Every structure is written in structure tokens, then in C-alpha cells.
Amino acid sequence: MGEGGTSMEPGTRSVRDEGLAQLEALCAALGPEAPREAPGFFGEAGAVCSWRRSSEPPRWSALTDDCTPFEFSLAIQDGAPALRLLIEAQDDPACPASYWEAGRRLTDWMDARHGLDLERLRAVEDLFRPEDPAAYWSIWHAVAFRSGGLPRIKVFLNPRAKGPAECDRIVRTAFRRLGLPDALAGGLPGCATPPVVVSLDVGSGTTSRVTLHVALVRAPASELEALARSGGALEGDATDLLASMASSPAGAFQRAIFATLQFDSEHPDGPSAVGL
């Protein structure tokens, strides 16, 4: 079934149609607490993203394991769960440069629809415009729907889009332009790994946060402790977390642990919150 309940011939369904059917089913499962505007938003956004027909080979994508250019998730919280979308706009040829331009078109469409606050994004976007043809990705958009409120929208940028060697310079320059020149003066606490994602809140009326996403490869407890304490956690919290998930609190995971470090103007000297 296509949008509006019309049947479609095999081979004519697009990736957007497949995603819309899945999202409608997810909203139906959520019942009356589901954000009613989410399917319409996704359907219109998918038309902007230039996704292919389902019968065609998928374009390259680092967003998901099977190259699907979107994913859905739920944030379980007090009250109604938040429905979240993560979207990658695409175009031909499938490369970082064309995906970047497709992503900018999606940003403009979201701005026209919801009136985004793009001042900070415009101040730094030249830093993240991809120049390395081997970059895994260019730009993603995250949308969180809350019952009875405007969606929260974030833009995810690749700090390695000009090559891994440029990552540190790009992040520090971006923080200076965003009014946070001292936030990284001492480096990332307890972390020798450069960030893999920089995200900006761009939704109108949302908190102006900058978030660094860091992949900690085989991280020992001491590294997690330093990160967690920088965001206000109690000493021992990260060690207890590691011990509950691994065979030893001094051990390390075979897969990377992802940490998020949030920064804002009210905490100019370091992260205001850290998540593991």
C-alpha cells in the first residue's frame, strides 16, 4: 500500500514508500500517544531526499548496516515516548559531495516548514563541507517528535569530512566560531580519540547545544571515569557501568563505546553533560 492507502505495482515502490509504511505501523502500535504529524513529515522529507525505488540497488550509505538512508527509534521517558527519525539525504553520483548538497536542500526544506535557527550552522558549515572522497558520510538530520510540541531537529556533521588529519583543527575552529573557545582548551577529558560526529540543535526555540560524539575503542575504566566526571557523574559510576557489562571493570569492550559530550554557552569551560 502506498501513501493514502493506494496499492502500488511491484517494483514501483520507493525507499520512501517502504519507510512510510513502517513508520505508519510504528505509530499505530504507539496508539493515541503517537505524534500524528510524523508520517506526513517523513513522506514530504523523503520526496526531498531523492531516495531510489526499492527494486534498484541501494546507494552507498554509512547510516545503517544495509544502506537504508533512514532509521526510526523510540526514546522511553516519563509520559509519551519520543519518536525519533534519523535521515540521510542522497543524490547521484553517490559520493560525499553530492550527499552534502542534498543534505543542504533538506535543511532548507525543514527551515521552510518549521522555521529553524540556522545561524550557528551557517557559521561553521564551510568547515564540514566534504573534500575527502573517502569520507564515510557528509550530513545527517535527526528529528524527535514529542506529543503536543514542535519536533526537535539536529544536524549531524562529519568532522573527518576533509580527512582524518583535519579533524582536531576543524572541531576547535568550529567551537571558536560558536562562542565556545575555551571548552576544549584542555582537550577531551580522559579521551585520546577524536570525535566522529558533531551535532547542532537547529530547531526553533530549542537549547543551543553542541554535541560531540566520540567512539572509545577498547576503553579502560579510567578513561570512562574521566569522561563521566567531566559531566558531573560521581566517582565510580563509570567503573560500575563497565563492570556490569564486561567481565572485569578493568577490561575493555571488543566493540567501541560511544560517548556524547554536550556543550552550551552556560558551561563555557567544558561539557555540561556526558552520556555513555
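Let me sum up the structure you'll find in this document. (Residues numbered from 1 in each chain as written. Predicted model: local features only at pLDDT ≥ 70, side-chain atom pairs only at ≥ 80, totals over all residues. Heavy atoms only, no water.)

Some points on the nonpolar core
Then, in step 1: Membership of the largest hydrophobic core comes to 61 residues, with the highest contact counts inside it found for F128, L157 and F175.
Then, in step 2: In this structure, F128 is in contact with W100, L157, N158, P159, A161, I170, A174 and V198, ignoring residues within four places of it in sequence.
Then, in step 3: Core analysis: the next-biggest nonpolar cluster, separate from the first, contains nine residues, L63, L86, V196 and V197 among them. (Core = buried A, V, L, I, M, F, W, Y, C linked by side-chain atoms within 4.5 Å. Buried < 20%, exposed > 50% of the residue type's maximum accessible area, 1.4 Å probe, protein only. Contact = heavy atoms within 4.5 Å.)

Some details on the sheet that holds strand β8 (residues 273-275)
Where strands meet in a sheet, backbone hydrogen bonds hold them as pairs that are either parallel or antiparallel.
Then, in step 1: Ordered by their spatial adjacency, eight strands build an open sheet running β1-β2-β3-β4-β5-β6-β7-β8, and the pairing between neighbours is antiparallel. Here the strands that pair on one side only, and so sit at the sheet edges, are β1 (70-75) and β8. The average angle at which neighbouring strand axes cross in this sheet is 20°, direction not considered.
Then, in step 2: Pairing between strand β4 (residues 152-157) and strand β5 (residues 197-201): four bridges, direction antiparallel. Bridging across to β5, K154 finds its partner in D201.
Then, in step 3: Lying on the sheet, helix α3 (residues 96-114) is in contact with β2 (82-87), β3 (139-145) and β4; it crosses β3 at an angle near 30°. (Pairing = 2+ DSSP bridges. Helix = DSSP H or I, 4+ residues; strand = E, 2+ residues; numbered from the N terminus. Axes fitted to C-alpha atoms, helices over the stretch in contact; angles between N-to-C directions.)

Describing the packing of aromatic side chains
Then, in step 1: Per the counting criterion, the structure on display carries 10 aromatic pairs.
Then, in step 2: The interplanar angle of 20° and the centroid separation of 5.2 Å between the aromatic rings of W60 and Y99 together place this pair among those described as stacked. Linking W60 in the loop between α2 (38-48) and β1 with Y99 in helix α3, this pair joins segments that are 39 residues apart in sequence.
Then, in step 3: With a relative accessible area of 1%, Y99 lands in the buried category.
Then, in step 4: Taken together, the ring pairs in this structure connect F42, W51, F70 and F72 into an aromatic cluster. (Phe/Tyr/Trp six-rings, centres within 6.5 Å; stacked < 30°, edge-to-face > 60°.)

Structural notes on the pairing of strand β6 (residues 210-216)
Then, in step 1: Among the seven residues that make up β6, seven are buried, leaving the element largely enclosed by the rest of the structure.
Then, in step 2: Side chains V210, L212, V214 and L216 of β6 all project onto a buried face; the interleaved residues T211, H213 and A215 project onto the opposite face, where all are buried too.
Then, in step 3: Where β5 and β6 come together, four bridges link them in antiparallel fashion. Directly across from V197, in β6, lies its bridge partner H213.

A word on unusual backbone geometry
Most peptide bonds are trans, and most residues other than glycine sit at a negative phi.
Then, in step 1: The amide bond that connects D92 to the next residue, P93, takes the cis arrangement and shows omega of -5°.
Then, in step 2: Tracing the chain through its elements places P93 in the loop between β2 and α3.
Then, in step 3: Notably, S50 is not glycine yet its phi reads approximately 60°, a positive angle.
Then, in step 4: Summarising the element assignment, S50 is placed in the loop between α2 and β1.

Re the side chain of D132
Then, in step 1: Mapping D132 onto the fold places it in the loop between α4 (119-128) and β3.
Then, in step 2: Setting aside its immediate chain neighbours within four residues, D132 contacts P96, A161, K162, G163 and P164.

Some details on the pattern of salt bridges
Then, in step 1: Using the criterion set out here, one finds 16 salt bridges in the structure.
Then, in step 2: We note a salt bridge from R177 to D126, for which the minimum N-O separation is 2.7 Å. Here R177, found in helix α5 (residues 167-177), pairs with D126, found in helix α4; they are 51 residues apart in sequence, far enough to count as distant.
Then, in step 3: Relative accessible area serves as the criterion here: at 40%, D126 is assigned to the partly exposed category.
Then, in step 4: Here E166 makes a salt bridge to R169, at a shortest N to O gap of 2.6 Å.
Then, in step 5: Residues participating in the shared-partner salt-bridge network are R104, D108, R122 and E125. (Salt bridge = Lys/Arg side-chain N within 4 Å of Asp/Glu carboxyl O.)

Remember that the coordinates give geometry; whether it matters functionally is a separate question.
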